[in-house]
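Each chain, written out:
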Amino acid sequence: MLSARAFSQTRRAVAPRLLLLRRRTFYEDAASTTNTLYLESLYTQYQADPSKLDAKWGDYFAAMEAGQKAEPPAMGSSLRQLGIETRLAAAVTSGETATGLVASSSGAGGLQNLIRAHQVRGHEAASLDPLDLHSWRDWEEKGLAASVPELDPTYHGFSEADYEKTFDVSFAGLNKSATLGEIVDTLRNVYCNTIGVEYMHIGDLQKFDWIRTRVESPDFLPSDKERLIKIYSELMKVDTFEQFLNTQYKTTKRFGVDGGEASVAGVNAAIERAAEMGVQEVVIGMPHRGRLNVLTNVVGKPLVQMFAEFKGTHYDFENLVEKSQTDDWLFAGDVKYHLGTSNVREFASGKSVLATLEANPSHLETVNTVTLGRARAKQYYLGNTAETRSRVMPILFHGDASFAGQGVCYETLQLAHVQEFDVGGTIHVIINNQVGFTTDPVDDRSTMYSSDLGKGFGLPVLHVNGDDPVAVTSAFQLAAEWRQTWATDVIVDVICYRRFGHNETDAPEYTQPMLYKQIAKHPRTHVVFEQKLLASGSVSQAEMDSIRANLWKQHEEAFAAADAFKPDEDMGNWVATKWEGFVRPTDKASSHPTGVDLELLRKIGAKLCEVPEGFKLHNGLKRQLKKKLEDIESGETIDWATAEAMSFASLLLEGNHVRITGQDVQRGTFAHRHCVVKDQNTGQDYCFLNNLDLGPQENFIARNSILSEYGVLGFELGYSYENPRALVIWEAQFGDFANTAQVMIDQFVSAGEHKWLQQSGLVMLLPHGYMGQGAEHSSCRLERFLQLSDDDEDDIPAFENDFGRNQVQKANWQVMNISTPANYFHALRRQQHRDFRKPMVLASPKNLFRLRQCVSQLSDMGPGSRFRRLIPERDTKIADNPEKVKRLVFCSGKLYYELVAEREQLGLDNVAIVTLEQIAPFPFDRVKAMLEMYPNVDIGDGIHPGNAIWPWWSCCAISAIWDQKLCLHQLFGVRKSPRTWGPGPT
């Protein structure tokens, strides 16, 4: 056999060649899967007696063994024929039988090559479509043809006369000697039946053999009565749920899984098998199709509650209206097929699994990385090892059109083996309806299969006919075993159909008339399965009738009981995590001081400037750390990065996990953070914040991510869902890049609590500032986040006690543009020092990172200090003489320093400058206090409008001063522009 090392070198050395049989033919390089047999034959001869080979081959194999690059003397069909002839010649001279080979006039043929052809391309001839259309196989314009010539024995030199010949063969399920006919039948039964397996693209030979031995085993598909009855029972639970709802609510949208019922039964089988292999928790992300069935039959949501939601008896409407009026906040809820839940599943084996189904909007595939983020967080809190990752298994459902078309699927797969994003493998389930809403497969992708993206990542793909529950169950169990064994992703492509339209009230015949004529006359999956069971004699009709009757009775009883269903007062607290003690927007909340002991801050500061002995630090960083230590010791000039690091360190020492990810977070896009430094000689990492040595501390994670916003932001959001005692931060490379994650921002971050009562303390850092760099890299588009804020600018507040905290508690998030390092320090710590959680969107000030005026005193972070939603005039000469002030300017972020510089240049002492640090929720009380402080301000002067916050400010400011009967009408600044940079005319 060719050694693994030499084999892999050969594959890398030779560029792929294609025969002129269009794209679906084999790759014909020297070490491709089709030629491996022949190359191995030559190598075997070389090892036995190099003199029997042409000298060119001897030189080639010698170079391979020496680790040198070399081109093989022959490739493609020439290599194949040479390999066969060499083996035949060796057999003749030795007197042995040439096992697996048969001579032909052309010299091309071979039993092992026929076997390999089925292993490589058998799936292309498998019976995968329940409707027996397989329309996605014959796309001439895409270079795809329905025939697979390599599966025909004649392609390999056999004739009809050879079918009764006996050959020595090593293949599971066959005797050592078998006729060619028996061998072909066995190959077709394994590789061309109702499961089509793609695994020959996997580069790891161990993984390759692992799958091969299992799918070729005669025991791969169960045939004993006990297992068949169990599979039938699981299928009927799924089918009964759909048919019962269709009977009771024929015109109600429910996005049922009719046509793909076996996939839900298969997921149950995968979870049960995974539980036997050590899985303790499962996190599921899926779109709306089939969600109600998964909620009940996989996660275990009670049928009574599900039916109550259909009947509308799951809440007291009058009580809901009354609470909305008294609480000034209302849980909006969502449609049934978007909701999630969490429940402990018990199995007959005695194993149990905590199953969580993530809530998800209608945006297909958006939930993917959210699911993985929660799974990764669960794994972290279990111990953050490879073993703990094996205990939490993510499962992602996809549609065929969405998996092929949505870019976030690529981002999801790309995260699979990235440090701090690896979840130990995900089971991807494609519910392949063979149509995307109204789009045919020929229009929704360029590839044969919707799953082909996975092959680029070396994932095994199990295509399975949705009308064969035994095959579906076996494929899912194999997927679970693969995930637990290899800790990598796997795809199960359940090829089925959608019995109704996009929803139950749709008319699909408009766009797919031929497809739906076929579906209309096609029996349901359970009927097809029953016919097979009766034909085999495995299960009697009476046994199946009893199972169906009992399940229907259970549904009828639950439906009747739904009228008296009493909703849980904690409805919405559906994720069983570590949120005990945290309050909702309608509950009384409390907060805690964010100031830190000054001596502790100094000790932290010293540790932030130390590296281990012998660590070769960059010379520029040496100078920076020296200056940083001097600033900390003086306590007068703490810059932005130091304040941030001190906030992280203090939270770690208080037992809070801190995690920050993004494309350049370790150094920082603007080279200001340097929380992880590199040894200049070895490249070794050193993280200051994980080496504080000031007592027990939690772990700090700073990880540069893949170049993705959509997927990575979703991952961090999911991570933040799991445990409120973690400060989770996502930083954009530049603030405007957040627009590629807009779906995640719109559907999850801004609205998740309002729809699903799902709190998150996620922090989004968006570098922002007009610095002459063109239309991009300037604005993080704060106006978008303000538009998504649920702070009512027309609602005149009552300014009751704790107004600021109560206001934030009821808001959907916080939008900030902070102007001092100390206030940034408190903003981060405030995220963890409240008994509720809110996302925070922060316009990170690019030019303030190094602006010498933008510093804070250490005492501003000490005991008694806190976050300030608004910072008043900072010049005591002006602040102490408010009656002299004629103009009051409200601004935010870096504009403060520019305005102060201009005021100093003009020598003005009658202009007060106030910074709005928290833009939303709007600090009505603080703005009102400022307006009252300066009685001689000309009405309306000094307001600086622009694209971002002016529309928001103008409405909020009017509400803040409404009782003073003032009106703002004089405006100064730049005109509004669709651009994100550069001043327009004033």
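Quantities reported herein were computed from a predicted structural model and do not represent experimental measurements.

Q: Please clarify how the overall build of the protein should be interpreted in this entry.
A: Summing up its helical and strand segments, the protein has 34 helices and 22 strands in all. When burial is assessed residue by residue, the protein has 58% of its 986 residues classed as buried. Put simply, 79% of the contacts in the protein that link residues at least 6 apart link residues at least 24 apart.

Q: Would you take a moment to explain helix α3 (residues 55-65) for this structure?
A: Each α-helix turn comprises 3.6 residues. Residues three or four places apart therefore point the same way. Burial in α3 covers these residues: W57, G58, Y60, F61, A63 and M64. Positive phi shows up at G67, right after α3, with a value of about 80 degrees.

Q: So what exactly am I meant to see when it comes to the pairing of strand β3 (residues 195-198) here?
A: For a regular strand, side-chain orientation follows a simple rule: the groups alternate between the two sheet faces. Every second residue of β3 is oriented toward a common face, with I195 and V197 on one face and G196 and E198 on the other, all of them buried. Relative to strand β9 (residues 461-465), β3 is paired through four bridges, and the arrangement is antiparallel. Note that in β9 the partner of G196 across the bridge is H463.

Q: Would you mind going over empty space enclosed by the protein with me for this structure?
A: If you roll a probe as big as a water molecule over the atoms, it shows you where there is empty space left. Per the counting criterion, the structure on display carries five cavities of 30 Å³ or more. A volume near 100 Å³ is recorded for the largest cavity. The wall of the largest cavity is formed by 18 residues, among which V749, S750, G752, E753 and N812 lie closest to the centre. Only α25 (710-722), α26 (742-749) and α27 (752-756) provide two or more residues apiece to the lining of the largest cavity.

Q: What's the story with the packing of helix α11 (residues 303-311) against helix α21 (residues 541-561) in this structure? I'm lost.
A: Any two packed helices are characterised by the angle at which their axes cross and by the distance between the axes. Running from N to C, α11 and α21 cross one another at 55 degrees; their axes reach a closest spacing of 8 Å. Comparing the axis directions of α11 and α21 gives the class oblique. Our pair here, α11 against α21, has a crossing hand that is right-handed. Of the residues in α21, those touching α11 at L303, V304, F307 and K311 are H555, A558, F559, A560 and A561.

Q: In this structure, what is going on with the confidence of the model for the protein? I would like to understand it.
A: Do not read the predicted coordinates in detail wherever pLDDT is low. Taken over all residues, the pLDDT of the protein has a mean of 84, while the share at 70 or more is 83%. Taken together, the stretch residues 90-109 has pLDDT below 50 and engages in 31 contacts with residues farther than four places along the chain or on a different chain. Below a pLDDT of 50 lies the segment residues 962-986, which in the model reaches 54 contacts outside its immediate sequence neighbourhood of four places, other chains included.

Q: Teacher, can you tell me more about the environment of S540 here?
A: Mapping S540 onto the fold places it in the loop between α20 (525-536) and α21. Judged by its relative accessible area of 31%, S540 is partly exposed. Along the backbone, S540 and E530 are 10 residues apart, and their C-alpha atoms lie at a distance of 9.2 Å.

Q: How do you make sense of unusual backbone geometry when you look at a structure like this?
A: Glycine aside, the phi torsion of most residues is negative, and most peptide linkages are trans. In this structure, P921 follows A920 across a cis peptide bond, with omega equal to -5 degrees. Structurally, P921 can be placed in the loop between β22 (918-920) and α33 (924-933). A positive phi angle is found at H134, which is not glycine, with a value near 45 degrees. Structurally, the position occupied by H134 is in the loop between α5 (111-121) and β1 (166-168). For H134, a relative accessible area of 12% translates into the label buried. A positive phi angle is found at A487, which is not glycine, with a value near 55 degrees. Assignment of secondary structure puts A487 in the loop between α18 (469-486) and β10 (490-495). Its relative accessible area of 35% is what places A487 among the partly exposed residues.

Q: So what exactly am I meant to see when it comes to the nonpolar core here?
A: Buried together is how nonpolar side chains tend to be arranged in soluble globular proteins. Counting residues in hydrophobic clusters, the biggest one holds 97 residues, and the most contacted among them are L111, I271, I284, I395, F397 and I427. With sequence-adjacent residues up to four places away left out, I395 is seen in contact with V267, I271, V282, V283, I284, G285, T371, T426, I427 and V429. Membership of the second largest hydrophobic core comes to 63 residues, among which are A375, M744, L762 and F922.

Q: Would you mind showing me how to read the side chain of Q742 here?
A: Residue placement: Q742 occurs in helix α26. The class for Q742 is buried, based on a relative accessible area of 19%. The contact partners of Q742, leaving out residues within four places of it in the chain, are R784 and L788.

Q: Just checking my understanding: could you explain a negative patch on the surface for this structure?
A: A contiguous patch of negative charge, built from D875, D880, E904 and D909, is present on the exposed surface. Among the secondary structure elements, D880 is positioned in the loop between α31 (876-879) and β20 (887-891). Classification of D880 by relative accessible area gives exposed; the value is 57%.

Q: Honestly, the sheet that holds strand β19 (residues 870-871) in this entry has me stumped. Any pointers?
A: Working definition: the strands of a sheet are paired by backbone hydrogen bonds and lie parallel or antiparallel to each other. Taken in spatial order, the three strands line up as β19-β21-β20 in an open sheet, and their pairing is mixed. Either end of the sheet is taken by a strand with one partner, and the two such strands are β19 and β20. With two bridges connecting them, β19 and strand β21 (residues 911-916) associate as antiparallel partners. Within β21, the position partnered with I871 by the bridge is T915. Against the sheet, helix α32 (residues 895-906) engages β20 and β21, with an angle of about 170 degrees to β21.

Q: Would you mind showing me how to read the packing of aromatic side chains here?
A: Each aromatic ring pair is characterised by the separation of its centres together with the angle its planes make. In this structure the tally under the stated criterion is 33 aromatic pairs. Plain terms: the ring middles of F158 and F167 are 6.0 Å apart, the flat faces sit at 85 degrees to each other, and that makes the pair edge-to-face. Of the two residues, F158 and F167, both sit in the buried class. Relative to W486, the ring of W482 has its centre 6.1 Å away and its plane inclined at 45 degrees; by these criteria the two rings are tilted. With W482 and W486 both in helix α18 and four residues apart, this pair spans about one turn of that helix. We classify W482 as buried; its relative accessible area is 2%. A relative accessible area of 22% places W486 in the partly exposed class. Through pairs of rings, three or more aromatic residues link up here, namely F244, Y249, F307, F310, W552 and F559. When the ring centre of F559 is taken as origin, the NZ or CZ atom of K311, which lies over that ring, is 3.8 Å away.

Q: Which parts of the structure should I look at to understand the packing of helix α13 (residues 367-382) against α25?
A: Where α13 meets α25, the axes come as close as 6 Å, and the angle between the chain directions of the two elements is 45 degrees. With respect to α25, the axis of α13 lies oblique. The crossing of α13 and α25 is right-handed. Mapping the contact onto sequence places T369, V370, L372, G373, R374, R376, A377, K378, Y380 and Y381 in α13 and Y710, G711, G714, F715, G718, Y719, Y721 and E722 in α25.

Q: I tried to follow the sheet that holds strand β15 (residues 726-731) on my own but got confused; where do I start?
A: If you walk across this open sheet you meet the seven strands as β14-β11-β15-β16-β18-β17-β22, and the pairing is mixed. Whereas interior strands pair on both sides, the edge strands pair on one side only; in this sheet they are β14 (700-704) and β22. Each neighbouring strand pair of the sheet contributes to a mean axis angle of 20 degrees, computed without reference to strand direction.

Q: Can you help me understand the pattern of salt bridges in this one?
A: Side chains that carry opposite charge are capable of pairing whenever their charged atoms lie near each other. Summed over the entire model, instances satisfying the criterion amount to 41 salt bridges. Here R212 and D209 are joined by a salt bridge, their closest N and O atoms 3.3 Å apart. Taken together, the positions of R212 and D209, both in helix α7 (residues 205-215) and three residues apart, correspond to about one turn of that helix. A salt bridge links E281 to K378, with the nearest nitrogen and oxygen atoms 2.6 Å apart. Taken together, the positions of E281 in strand β4 (residues 281-285) and K378 in helix α13 put the pair 97 residues apart, joining distant regions of the chain. Just as E281 is buried, K378 falls in that class too. In this structure, a network of salt bridges that share partners links the residues D239, E242, R254, D258, E261 and R524.

Q: Can you walk me through the pairing of strand β18 (residues 840-845) in this structure?
A: With six of six residues buried, β18 lies mostly within the body of the structure. Neither face of β18 is open: one carries M840, L842 and S844, the other V841, A843 and P845, and all of them are buried. Two strands pair when backbone bridges link them, and strand β16 (residues 763-768) and β18 are joined in this way by six bridges, in the parallel orientation. In the sheet register, L765 faces β18, and the bridge partner there is L842. In this structure, strand β17 (residues 814-816) lies alongside β18, joined through three bridges in parallel fashion. Its bridge partner lying in β18, Q814 is registered against M840. At this point the chain moves from β17, through helix α30 (residues 821-832), to the parallel β18, and the crossover so formed is right-handed.

Cut-offs and rules
- Residues numbered from 1 in each chain as written.
- Predicted model: local features only at pLDDT ≥ 70, side-chain atom pairs only at ≥ 80, totals over all residues.
- Heavy atoms only, no water.
- Helix = DSSP H or I, 4+ residues; strand = E, 2+ residues; numbered from the N terminus.
- Buried < 20%, exposed > 50% of the residue type's maximum accessible area, 1.4 Å probe, protein only.
- Contact = heavy atoms within 4.5 Å.
- Pairing = 2+ DSSP bridges.
- 1 Å grid on protein atoms, 1.4 Å probe; cavity = no way out; pocket = protein on both sides within 12 Å on 5 of 7 lines; lining within 4 Å.
- Points joined across faces, edges and corners; volume = space filled by probe spheres on them.
- Axes fitted to C-alpha atoms, helices over the stretch in contact; angles between N-to-C directions.
- Parallel < 35°, antiparallel > 145°, perpendicular 65-115°, else oblique.
- Left-handed = near helix turned anticlockwise from the far one by under 90°.
- pLDDT = per-residue confidence, 0-100.
- Core = buried A, V, L, I, M, F, W, Y, C linked by side-chain atoms within 4.5 Å.
- Patch = residues over 30% accessible without salt bridge, like charges linked within 9 Å, V, L, I, M, F, W, Y side chains within 5 Å.
- Areas by Shrake-Rupley, 256 points an atom, 1.4 Å probe, with all protein chains shown as cover.
- Salt bridge = Lys/Arg side-chain N within 4 Å of Asp/Glu carboxyl O.
- Lys, Arg positive; Asp, Glu negative; His and termini not counted.
- Charge placed at Lys NZ, Arg CZ, Asp CG, Glu CD.
- Phe/Tyr/Trp six-rings, centres within 6.5 Å; stacked < 30°, edge-to-face > 60°.
- Lys NZ or Arg CZ within 6 Å of the ring centre and 35° of its normal.
- Right-handed = clockwise from strand over helix to strand, strands pointing away.

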